[in-house]
Amino acid sequence: EQRRLVAPHFRHQKCLHFPTSVKFTRWLFEQHRGDINPWAVLVAGWREAKPCLAALSSAFTGLAEELRPDGRRPALRAPTVGRRPAKQGGL
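Residues numbered from 1 in each chain as written. Predicted model: local features only at pLDDT ≥ 70, side-chain atom pairs only at ≥ 80, totals over all residues. Heavy atoms only, no water.

Residues and numbers for the packing of aromatic side chains, please.
Enumeration according to the criterion identifies three aromatic pairs in this entry. On the basis of an interplanar angle of 40° and a centroid distance of 5.3 Å, the ring pair of Phe18 and Trp27 is categorised as tilted. Exposure remark for Phe18: the relative accessible area of 27% places this residue in the partly exposed category. Geometrically, the ring pair formed by Phe24 and Trp27 is tilted, given 6.0 Å between the ring centres and 35° between the ring planes. Taken as a pair, Phe24 and Trp27 lie in helix H2 (residues 21-30) at a separation of three residues, close to a single helical turn. For the residue pair Phe24 and Trp27, the accessibility class agrees, reading buried in each case. Taken together, Phe18, Phe24 and Trp27 form an aromatic cluster joined through their ring pairs. (Phe/Tyr/Trp six-rings, centres within 6.5 Å; stacked < 30°, edge-to-face > 60°. Buried < 20%, exposed > 50% of the residue type's maximum accessible area, 1.4 Å probe, protein only. Helix = DSSP H or I, 4+ residues; strand = E, 2+ residues; numbered from the N terminus.)

This is the structure in structure tokens:
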């Protein structure tokens, strides 16, 4: 399986697979948000791209009203502040 081959190259050396955009959204809403260091890369097929981007937008803005209703989706976590050290220099 190709996921096992690429997983060692990722930051946490794991590759998460979500069979649907709904399961990705539920996972995303459980993650910390705000002043954090992102550690995931999203790879999505053309059918899942739009709902996954909508979930990312909701997690970024905190507004989940535009997502499809899902009674099992957790509420977004409150954003964290001041967890990561200030950047030194340029980009």
